[in-house]
Amino acid sequence: MKIKIFTLLLGLMVATVSYAQQMEGVIKKTEVSPVIGGEIDAVWDDANSYSITRYETNKDAPTLGAEGETYWKALWSQSDQGMYLLVVVNDDNFFPYYESVGDPWAFDRVEVYLDVNAGDLADGLGPSSSNSGHYQAAPEFEEPNDGTLRSNWICDYASTVTGDAAYSFEYFIPFATLVDRDGMAIDLEATIGFDISLLDRDEASNIDPCPRAVWSNEATVGESWTNMDDCGLITFEGAQTIFVETLALTGGDITENNGELQIDVAITPADATNKSLNWTVLDGGTGRVSVDANGLVTGILDGTVEIQGETKDGSWLSETVTVNISNQIVTIDDINLVRNPYMDEVDENGIAHVWHNNLDVIDGALYIPATDGERNNWWEGTQTRQVGYGCNATDSYTFSFVMWSDAPDTMYVDFEDSANGWRRYGASTHPFSNGLSEGFEIGRSAWEFLTTVEPMKFIDDNLIFDELKENTDEAMIFMAGFHQAGAVYLDSVLLINNNDMALLTPGYVPVESITVTSAEGATAVARGSALQMSAEVLPAGATLTDARWSVEPGTGDATIDAAGLLTGDTVGMVTVIATAKDDSKVFGSMDIEVTFGIGVQRHSVNQMKVYPNPAVNELNVVLTSENTTVSIYNSVGAKMDEVNVTGTMHSFDISSYASGIYFVKTDNAIAKFVK
């Protein structure tokens, strides 16, 4: 096992003291994956069962049955590269979030905690500290509670109410989401921290604080959210890690605005347990790019950057590559440090990406709902936040957003440092930083104001993060105060280093519309044949009038080249998309049917099977004929892998793929799967 020696020694010294009173569990390996869907599968009979009977000493005892009636079980899967978790609760009074009043945390809830800092578990931290190797998975009950599969940033889950009040929660936690404070992947051969905390609120009792049942941590040192030192310990039975031995990266050039470059990765041995990498853009470059979890680089500012890829399996290997960037248009969006600022990135349920607390996007704005019940303090209202921007302590920043509400409502916005006593670590001269409410200092990065029913743009163009420290947890928090006046709406959130304003492209004219057409107005193309597509980009005086072509598979599939020549691949409907190459994000589309060629019978089309679906670490493809080229594409048409399969079955390693929708293609068939 490869871990840092000093970390191991420190952990061993602390372990002799801390581990004595901690509960311990063994997670068995399974070859059969439980199905998350509301039923307790037979495979759970083979798992160890652990009763949840302790409770936090500073709270009243919960009412969750006798020993063994409320328990958890877990199994881990090598093929799925994740842990399945089952929590069964024998509650006597079911009181979910959507019926809660008063304290927004006082309702029935399951909180799962993990600490993957192998060898250094007693560090006095919890998930409240970002990028700390500590995690909380605590999705709220959502109607219906019938085993409906849902997802959040760390796990898939489902809740099921059984009988009058008892309930169960099922989880699948991919190992890929769990990295330690150094960005290294979970070490399955090591002991990791783990706990279950059950909030037991009975509506009639209105007990405050809410009773909590726990597996291990009785909160004599601190609740798991802030301190996991007294949490339990788990090990993964039969786990064995094959470490990466060599790593090589290949970079290149980006010569198109917002162009992309996939860094090529070569790893040995081929059967390494975890081949995923942490990607970092190193300081000191003259250009600017973004890089995703798969090493896909997107250009932002002209210049040169060095990008480092580092193994996440604990082998501590790293390499750097050079990427040269040119021909970039620079707009406000390129220099904005806020992610998803216009709330246009949502999941399949309409929940905004990146913004905390699973809030909906309605009419293009983040919807911050009112919460019933009395409010005594500004921090008891509905909150949302974003963390980590990479600001510095010397430059000035412009901070702005647009907000309105159903009725006038008090709003609180601040930049807080949870790693240093929740300090407001910025200085502001804005009139709203008036320090009127408890805990808000005058002239700090904390603003209090009254929203209006009409959209209001808030702007502070001289915000300086003068108390930013090396370990600061940068957090921008919107708190809807006492918030009993209806919903608040948030849009267009900007945080910009004022020095970056000089980088903006002068005279930039964005694309306003794109219309896609085909040669002679055709609406179909035969499989194996070609059809020329065209894009009319307006206005004619736009800075960039070129378009980037792509195809979104539907019931069929096709490919398209850079000049818009479409080739039918698989019978069915496809959508041809032309996207502006500037920063406008404007696109046009046209549906095209891929048809059978003359004399080709339907039964001649090959079929294939892909499983499991959803897949986590490995995807199996079964074909009906030999010597077939099989390719995997992501949702934007980038090829992820391609193999010539000599037989009729092949297994793809998809452990490094980001979560999303992918397509498996052969010459005659296409299948979709979810990672």
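Residues take numbers from 1 onward in each chain, read along the sequence in its written order. Restriction of local features to residues with pLDDT of at least 70 applies here, the model being predicted, together with a cutoff of 80 or more for giving and counting side-chain atom pairs; totals for whole chains, interfaces and linings are based on all residues. Note: side-chain values were computed over all heavy atoms of the structure, leaving out hydrogens and water.

### Notes on the confidence of the model for the chain
In this model, the chain carries an average pLDDT of 87, and 91% of its residues clear a pLDDT of 70 or more. Contacts of residues 1-20 to residues separated by more than four positions or lying in other chains number 27 contacts, the stretch itself having pLDDT below 50. pLDDT is a residue-level measure of predictor confidence that goes from 0 to 100. Residue contacts follow a heavy-atom distance rule, with two residues in contact if any of their heavy atoms lie within 4.5 Å. Here residues 600-606 scores under 50 on pLDDT; set against residues more than four positions off or in separate chains, the count is 11 contacts.

### A closer look at the pairing of strand β20 (residues 296-301)
Residue exposure (1.4 Å probe, protein chains only): buried if accessible area is under 20% of the type maximum, exposed if over 50%, otherwise partly exposed. Per the convention used, a helix needs a DSSP run of H or I reaching at least four residues, while a strand needs a run of E reaching at least two, with both numbered from the N terminus. In terms of burial, β20 is a largely internal element, six of the six residues being buried. Pairing between two strands requires that DSSP report at least two bridges joining them. Bridging between strand β16 (residues 260-262) and β20 involves three bridges; their strand directions are antiparallel. Within β20, the residue paired with glutamine 262 across the bridge is leucine 296. Across four bridges, the pairing between strand β19 (residues 288-291) and β20 is antiparallel. Bridge pairing links valine 291 to valine 297 in β20. In sequence, β19 turns back onto β20 through a hairpin of four residues, with glycine 295 there showing a positive phi of about 80 degrees.

### Structural notes on the packing of aromatic side chains
Ring pairs (aromatic) are described by centroid distance and by the angle formed between their planes. Two aromatic rings, drawn from Phe, Tyr or Trp (for Trp, its six-membered ring), form a pair once their centres lie within 6.5 Å of each other, and the interplanar angle then sorts them: stacked below 30 degrees, edge-to-face above 60, tilted otherwise. Counted under the stated rule, the structure contains 36 aromatic pairs. Summarising the aromatic geometry, the rings of phenylalanine 94 and phenylalanine 141 are spaced 4.9 Å apart at their centres and angled 90 degrees between planes, so their arrangement reads as edge-to-face. You can see phenylalanine 94 sitting in the loop between β5 (82-89) and β6 (109-115) and its partner phenylalanine 141 sitting in the loop between β7 (134-137) and β8 (150-151), a full 47 residues away along the chain. Of the two residues, phenylalanine 94 and phenylalanine 141, neither departs from the other in class, the shared state being buried. On the numbers, 6.1 Å between centres and 65 degrees between planes, the contact of phenylalanine 399 with phenylalanine 458 is edge-to-face. Placement of phenylalanine 399 in strand β26 (residues 396-405) and of phenylalanine 458 in strand β30 (residues 456-464) is noted, with a sequence separation of 59 residues between them. Both residues of the pair, phenylalanine 399 and phenylalanine 458, count as buried. By the ring-pair criterion, three or more aromatic residues cluster together here, those being Trp355, Tyr397, Phe399, Phe401, Phe415, Tyr425, Phe432, Trp447, Phe449, Phe458, Phe465 and Phe478.

### Comments concerning the sheet that holds strand β18 (residues 277-281)
An order of β15-β22-β21-β18 is seen for the four strands of this open sheet, with the pairing classed as mixed. In the strand order of this sheet, the two ends are held by β15 (252-254) and β18, each with one partner. Strand-to-strand twist across the sheet, computed as the mean angle between neighbouring axes with direction ignored, equals 30 degrees. Taken together, the three bridges between β15 and strand β22 (residues 318-325) define a ladder with parallel strand orientation. Of the residues in β22, the one forming a bridge with isoleucine 254 is isoleucine 325. Axis lines are fitted through C-alpha atoms, for helices just across the contact stretch, and the angle between N-to-C directions can take any value from 0 to 180 degrees.

### Things to note about the nonpolar core
In a soluble, globular protein the nonpolar side chains are often hidden away together inside. Buried residues of nine kinds, namely Ala, Val, Leu, Ile, Met, Phe, Trp, Tyr and Cys, make up a nonpolar core once their side-chain atoms join them within 4.5 Å. Judged by nonpolar contacts, the single largest core of 41 residues is most densely connected at Trp72, Val87, Tyr171, Phe194, Ile196 and Phe236. Elements with a contribution of two residues or more to this core: β4 (71-77), β5, β6, β7, β10 (167-174), β11 (192-199) and β13 (232-236). Each residue touching phenylalanine 194, except ones within four places of it in the same chain, is listed here: Trp72, Met83, Leu85, Val112, Tyr113, Leu114, Trp215, Cys231, Gly232, Leu233 and Ile234. Counting residues in hydrophobic clusters, the runner-up holds 31 residues, among them Val338, Met343, Leu359 and Leu495.

### A closer look at the side chain of glutamate 111
Examined against the element boundaries, glutamate 111 turns out to sit in strand β6. Here a polar contact is recorded for every N or O atom pair within 3.5 Å, except that within protein the pair must consist of a potential hydrogen donor and a potential acceptor, and residues adjacent in sequence are included only if both atoms are side-chain atoms. In this structure the side chain of glutamate 111 is engaged in a polar contact, spanning 2.7 Å, whose partner is the side chain of tyrosine 113. Sequence-distant contacts of glutamate 111, defined by excluding residues within four places in its chain, comprise Gln136, Ala137, Ala138, Asp195, Ile196, Ser197, Leu199 and Arg212.

### Structural notes on the pairing of strand β33 (residues 513-518)
Only one face of β33 is covered, namely the one carrying Ile514, Val516 and Ser518; the face carrying Ser513, Thr515 and Thr517 has none of its residues buried. Sheet topology note: the β33/strand β35 (residues 530-538) ladder contains six bridges and is antiparallel. The residue bridging valine 516 from the neighbouring strand is alanine 535, located in β35.

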